[in-house]
Amino acid sequence: MANKLSQQPWDTLIDENLKRVFDEDANADLPPHLMDLLDRLDKIPVADGSGSASGVPSHSQEEAE
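Numbering of residues starts from 1 in every chain and runs along the sequence as written. With the structure being a predicted model, the display of local features is reserved for residues of pLDDT at least 70 and the display and counting of side-chain atom pairs for 80 or more, all residues being used for whole-chain, interface and lining totals. Side-chain figures throughout are based on the complete set of non-hydrogen atoms in the structure, without hydrogens or water.

The next thing to look at is the overall build of the protein chain. Elements are defined by DSSP. Helices are runs of H or I of four residues or more, strands are runs of E of two residues or more, and each kind is numbered from the N terminus. When helices and strands are tallied, the protein chain shows 3 helices and 0 strands. For the protein chain, the N- to C-terminal ordering of α and β elements is α-α-α. With a 1.4 Å probe rolled over the protein chains alone, any residue whose accessible area is under 20% of its type maximum counts as buried; one over 50% counts as exposed, and the rest are partly exposed. Across the 65 residues of the protein chain, 2% fall into the buried class. Accessible surface area values rest on a Shrake-Rupley calculation with a 1.4 Å probe, where residue burial reflects the displayed protein chains alone. For the protein chain, the accessible surface area stands at approximately 6,300 Å², while carbon and sulfur atoms represent 58% of it.

Here we take up the confidence of the model for the protein chain. Across the protein chain, the average pLDDT comes to 77, with 63% of residues at 70 or higher. Mean pLDDT across the elements of the protein chain ranges from a minimum in helix 3 (residues 61-64), with 50, to a maximum in helix 2 (residues 32-42), with 95. pLDDT: the predictor's confidence for each residue, scored from 0 to 100.

In the sections that follow, a salt bridge refers to a side-chain nitrogen of Lys or Arg positioned within 4 Å of a carboxyl oxygen of Asp or Glu. Tallied over the entire structure, the rule returns 2 salt bridges. Taking the shortest distance from any N to any O, the salt bridge between D23 and K19 comes out at 2.8 Å. Of this pair, D23 and K19 both sit in helix 1 (residues 2-26), 4 residues apart, roughly one helical turn. By relative accessible area, D23 is classed as partly exposed at 34%. The closest approach of N and O atoms between R20 and E24, which form a salt bridge, is 3.6 Å. In this pair, R20 and E24 both sit in helix 1, 4 residues apart, roughly one turn of the helix.

Right, here's the structure in full:
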C-alpha cells in the first residue's frame with residue numbers, strides 16, 4: 001500500500017502534464033491547407049443519416065449482430 005501512495009504524486013504530475021500538452025495541441029491553429037479542406041468538406045451535401053451520401057456504409061444494429 002505504501003508503494004501505491006508513493007506513486008500517486010507521479011501519476012498526478014504525469015496526468016496534469018499530458019492534459020496540458022493535449023489542451024495546447026487542441027487549441028493550436030490548423031494549417032491553411034487543412035482549413036481549406038474542411039471548408040470544402042462542409043460544402044458537400046450530406047444525406048439524412050443513412051450514410052449513402054457520405055460514402056460510409058450504413059449498418060443497423062441487427063446487421064452488427
